[in-house]
Amino acid sequence: MVIVEDNESVHAPPPRRMSLARRETLMGLAFLSPWLIGLVVFTALPIVASLVLSFTDFNLLHPADFRFIGLDNYTRMWNELMNDGAAGKSLGVTARFALMSVPVTIVLALGVALLVNRKLLAGKPVFRTLFFMPVLIPLVASTIVWQGFLNGSTGWLGQILRSFGLPSPDWFNDPSWALPGLVLLGTWGIGNMTLIFLAGLQGVPTELYEAVKIDGGGPWARFRHVTLPMISPVLFYNILISIIGVSQYFTQAYVLDPGSNGNPGGSTYFYNLNLYKEGWSYNQMGFASALAWLMMLIVVVAALVLFRTSARWVFYAGGDR
Amino acid sequence: MVRRGFTRFAALASVAALAASACTGAAATTAPSTGAATPSAPPPQVTPATTAGGGQIVSVNGVNHVVVQWYVGLGSGTNPSQITVEQKVVSDFNALQDKTPTGTKGMPILLSLNIVQNTTATDILKTQLAANNAPDIVGPVGVKGRAAFQGVWADITPLAKTAGFDFSAYDPNLLKQLSTNGVLDGFPYAVYPSMIFFNKDLFDEAKLPYPPQKVGDKYTMPDGTKVDWTWDTVRKLAMLLSVDNKGKDATQAGFDPTNQVQFGFDFMWSEGRRMGSDFGNGGFVAADGKTAQFPDAWKAAWTWYYNGIWTDHFIANTTQENSTLLATGNPPSSGHVAMAQMFQWYDCCMAATSPSKTIKKWDVAIQPSYNGTISAPMDLDVFSITKASKDAQDAFTALAYIAGRGDLSATYGGIPLVGDQLTYYHKYIDAMLKPEFPEIYANGGLINWQVPIDMEKYAPAIHHEAAMPNYVKSMDDYSKIWTTLGTTKGLDMNKVFTDVTTALQTDFSAAP
């Protein structure tokens, strides 16, 4: 009798099975991969590429002729900033707009949120919908509508003001009024911010208001000592988002002056309009990339300042940041 | 190789990055079409593209085709009615190629249409060029549109020579205007002379005779005097046709310019160099090609325009122009403007954007003179072939076909440079306008198309969009000052001229 040993079945190692955790990780990554690939290809790589480009004289029309030019683009940018060149002027316009727009939209959005959060207000869902609806309208369309609304000759606002015997500014044709006009236009889109404030307001415990009432505090005391501290994280978030939003401001100014010259009189020549102009009109993509990096740096610094100062004015109920 | 790879990568990446940072959302409206299929025919079997000798080749129903990309959007060509004609041209060309292939590789040419909205067309084309993905044919496009792409266009003379195409019938002066540094880098396609469009109903209402339609004819003023048809006559006439809400015209005491309901004149899509060229031949660049200047005739033109807005009130200021009274930026079509200086292509839009179809009857008159000379700026359209085209000769074949289609130039509102132009007007332009303006064509009425034909002879030698050093930047800088004329009262015009010259000299000196 010959015994044949089945070596394969006896000595072969058992098939490897992945642990559940590993399988779940891989599965998760697989599901995330479309987003991850998109992040790398459409965000991370372009960010790196724009940094590299900022050290070149890359020209859109003659891409093969590019050279690495060291810090030349940054030197030029510095000169423009210091000598009131296009970069300096456009940064000034953006800063002025930020100083006007951020406080106005924050205060207005908070005010509207407080109004639509009132217990006594009838038809709350209707008002909330009405205030949010403009957000759904494309920026280009709303800008064109506002152009008509603010037209100094036949615009409705002018007609209303004149009917009360008040003077009407020629908003988008007067360099002094163009930025306020854009701030006004921006109030049209406070719906998102209002919604976030509203969510914050609804999270404020009612017993705190009752405590202030018992202590004899009026509406202002309730707002100052309860509402504001309790929604300060939301306020912080909205301010941060507003600043980032201003740093990206482009569409409305572009629609107002498709020639992208910031008319009237350069008063709406925003930083991103200048960046666009350098990149696409003058084909100086290297310089435009340097401009983009400066703006990113400014936003990072602004965010850092906000975060650093937040300890003094942002109140986290759970103590967590 | 590495350099080329980097170039492509950098182009794509930079465009994506900057687009994201600038939030432009530059959406293109594209209408690619092989044009080969009819609704009842089965869809063509198109296999993935391959490349041979750099060009793109696709197999349609088992037959290899050389693909020629036609890019529309830098100039005219994106209106729905125009797209319909363009698609038909493409379809007809492809059908012809299927029957009789004329591609240089012995294959049929497949013309593919890519239509991009004008507002984003420049950016998208630049992106394609940077990504080494340029179309073969670009057009129709004017002088200014092409100037933004200096160095991109191929010399078409050798292509025409190989194809046996003869340019001898074309006006040499026009060919010169269409050339860049002596190189014919665009296929001369259509001209658009400028003239005065006038609203007959407003003249009838004011009981004023129509403007002259023949060079040398006088204009009869209300007091019976016969005067030359000059820009000063236009000023006086336009003031009579400018009316406030109380019915007073701009020559009468008590006229209220803040409540104006009708304007005598409009300089639609106003542009500084065009305004200057209306008064005389010239340019911002001196003969040496590097010194900025402001010709005297142009100073007179700018002053005439400025006073027309703020002193004589026969031209709308920017605010009024963008008001609903003047069709939100399209004054001549509003029915509230008596005369407008405009190019031939504007015939498309006299009523198209006016929902109420306020203009019933209009005609055209000759350009006024200044100091005894008529100067009528003329728009010129070309089709260009990109240097990056890998099948330039096949592109020229397609281009020659496109340029020969009368229905296409008619839909663009242009006149072919050669042939019997008046017959062309009656055959194509009148046919296009007749359904829009039945009142004009009732009882055998016609628009006097001899006017634009006559005006061609008065086109200034220097084109109003001619090349300047540092072209785009220079144009931006004088335009910034020009726009203040429409928005700002009380400007010192001498300072304006100095500012323009100074800004331009800075740009010229900084030219690469």
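Residues numbered from 1 in each chain as written. Chains lettered and ligands numbered in written order. Predicted model: local features only at pLDDT ≥ 70, side-chain atom pairs only at ≥ 80, totals over all residues.

A closer look at the overall build of chain A
- When its secondary structure is counted, chain A shows 15 helices and zero strands.
- At 28 Å, chain A has a C-alpha radius of gyration far larger than the 20 Å of a compact globule built from 321 residues.
- Taking the principal axes of the C-alpha coordinates as reference, chain A spans close to 120 × 70 × 35 Å.
- Within the span of chain A, comprising 321 residues, buried residues form 29% of the whole.
- When contacts within chain A are restricted to residue pairs at least 6 apart in sequence, those whose partners lie at least 24 apart make up 64%. (Helix = DSSP H or I, 4+ residues; strand = E, 2+ residues; numbered from the N terminus. Rg over C-alpha atoms; globule rule 2.2 N^0.38 Å. Buried ≥ 20, exposed ≤ 12 C-beta atoms within 10 Å, placed from the backbone. Contact = placed C-beta atoms within 7 Å.)

Overview of the overall build of chain B
- Secondary structure summary: chain B contains 19 helices and 18 strands in total.
- Within chain B, the proportion of its 512 residues that are buried is 47%.
- Sequence separation of 24 or more characterises 73% of the internal contacts of chain B that already satisfy a separation of 6 or more.

Brief notes about the interface of chain B and chain A
- Taken residue by residue, the interface counts 39 residues in chain B and 44 residues in chain A.
- A per-element tally of the side of chain B that touches chain A places helix H1 (residues 2-22) of chain B first, with 13 residues.
- Taken together, the residues that form the side of chain B that touches chain A break down as 16 nonpolar, 17 polar and six charged. (Nonpolar A, V, L, I, M, F, W, Y, C, P; charged D, E, K, R; others polar.)

Digging into the pairing of strand S8 (residues 187-199) of chain B
Residues and elements named next belong to chain B.
- Burial analysis of S8 places 13 of its 13 residues in the buried class, the great majority of the element.
- Relative to strand S17 (residues 378-385), S8 runs antiparallel, the two sharing six bridges. Each residue of the ladder has a partner; that of Pro 188, found in S17, is Val 382.
- Note: S8 against strand S18 (residues 415-416), two bridges, orientation antiparallel. Across the sheet, the residue bridging to Val 191 is Ile 415, located in S18.
- With five bridges joining them, S8 and strand S13 (residues 337-343) adopt antiparallel strand pairing. Of the residues in S13, the one forming a bridge with Phe 198 is Met 339. (Pairing = 2+ DSSP bridges.)

Quick notes on the pairing of strand S5 (residues 137-141) of chain B
Residues and elements named next belong to chain B.
- With five of five residues buried, S5 lies mostly within the body of the structure.
- The pairing of S5 with S17 spans three bridges and is antiparallel. Bridge assignment links Ile 137 to a residue of S17, and that residue is Ile 385.

Observations concerning the nonpolar core
- Counting residues in each nonpolar core, the largest one holds 164 residues, and the members touching the most others are Val 68, Ile 137, Phe 197, Tyr 305, Ile 385 and Leu 399 of chain B.
- In this structure, Val 112, Ala 113, Met 193 and Phe 197 of chain A belong to the second largest nonpolar core, which totals eleven residues. (Core = buried A, V, L, I, M, F, W, Y, C linked by C-beta atoms within 7 Å.)

Some points on the environment of Ala 297 of chain B
Residue and element names in this part refer to chain B.
- Following the sequence through the fold, Ala 297 ends up in helix H10 (residues 296-310).
- Note on Ala 297: 20 C-beta atoms within 10 Å, which makes it buried.
- Sequence-wise, Ala 297 and Lys 144 are 153 residues apart; in three dimensions their C-alpha atoms are separated by 22 Å.
- Excluding residues that lie within four positions of it along the chain, Ala 297 makes contacts with Gly 276, Phe 279, Gly 280, Gly 282 and Tyr 370.

Overview of helix H9 (residues 272-279) of chain B
- The buried fraction of H9 of chain B amounts to seven of the eight residues, a majority that puts the element mostly inside the structure.
- Among the structural elements, helix H8 (231-240), H10, S13, strand S15 (369-370) and helix H18 (471-487) of chain B are those in contact with the buried residues of H9 of chain B.

Focus on unusual backbone geometry
- The step from Asn 263 of chain A to Pro 264 of chain A runs through a cis peptide bond, and the omega angle for that step is 5 degrees.
- Summarising the element assignment, Pro 264 of chain A is placed in the loop between helix H13 (251-256) and helix H14 (271-281).
- Residue Lys 207 of chain B is not a glycine yet carries a positive backbone phi of 55 degrees.
- Positionally, Lys 207 of chain B belongs in the loop between helix H7 (200-205) and strand S9 (219-220).
- On the neighbour-count criterion, Lys 207 of chain B (7 C-beta atoms within 10 Å) is exposed.
- With a phi angle near 55 degrees, Asn 371 of chain B is a residue other than glycine that sits in the positive phi range.
- Take Asn 371 of chain B: it is sitting in the loop between S15 and strand S16 (373-374).

Some points on the confidence of the model for chain B
- In this model, chain B carries an average pLDDT of 86, and 88% of its residues clear a pLDDT of 70 or more.
- Here residues 9-41 of chain B is a poorly scored stretch, pLDDT under 50, and it has 80 contacts once near neighbours within four places are set aside; other chains count. (pLDDT = per-residue confidence, 0-100.)

Side note on helix H2 (residues 20-53) of chain A
- Helix geometry: H2 of chain A is bent most strongly at Ser 33 of chain A, by close to 55 degrees, with proline Pro 34 of chain A lying one to four residues after it.
- Along H2 of chain A, the positions that sit buried rather than exposed are Pro 46, Ala 49, Ser 50 and Leu 53 of chain A. (Bend = angle between axes of the 7 residues up to and from the residue.)

Thoughts on the environment of Glu 80 of chain A
Residue and element names in this part refer to chain A.
- Relative to the elements of secondary structure, Glu 80 occurs in helix H3 (residues 72-82).
- Glu 80 gets classed as partly exposed once you count the C-beta atoms within 10 Å, which come to 19.
- For the pair Glu 80 and Phe 236, spaced 156 residues apart in sequence, the C-alpha to C-alpha distance is 33 Å.
- With sequence-adjacent residues up to four places away left out, Glu 80 is seen in contact with Gly 85, Ala 86, Ala 87 and Gly 88.

A few points about the packing of H9 of chain B against H10 of chain B
Residues and elements named next belong to chain B.
- As a packed pair, H9 and H10 sit with axes 7 Å apart at the nearest point and diverge in direction by 110 degrees. When the interaxial angle is binned, H9 and H10 end up roughly perpendicular. By crossing handedness, the relation of H9 to H10 is classed as right-handed. Two secondary-structure elements touch here, H9 through Met 275, Gly 276, Asp 278 and Phe 279 and H10 through Ala 297, Trp 298, Ala 300, Ala 301, Trp 302 and Tyr 305.
- Taken together, the residues of the contact of H9 with H10 break down into eight nonpolar, one polar and one charged. (Axes fitted to C-alpha atoms, helices over the stretch in contact; angles between N-to-C directions. Parallel < 35°, antiparallel > 145°, perpendicular 65-115°, else oblique. Left-handed = near helix turned anticlockwise from the far one by under 90°.)

Some words on the confidence of the model for chain A
- On average, residues of chain A score 90 in pLDDT, and 93% of them are at 70 or above.
- Low pLDDT (under 50) marks residues 1-5 of chain A, which in the prediction has one contact with non-local residues, meaning those over four places away or in another chain.

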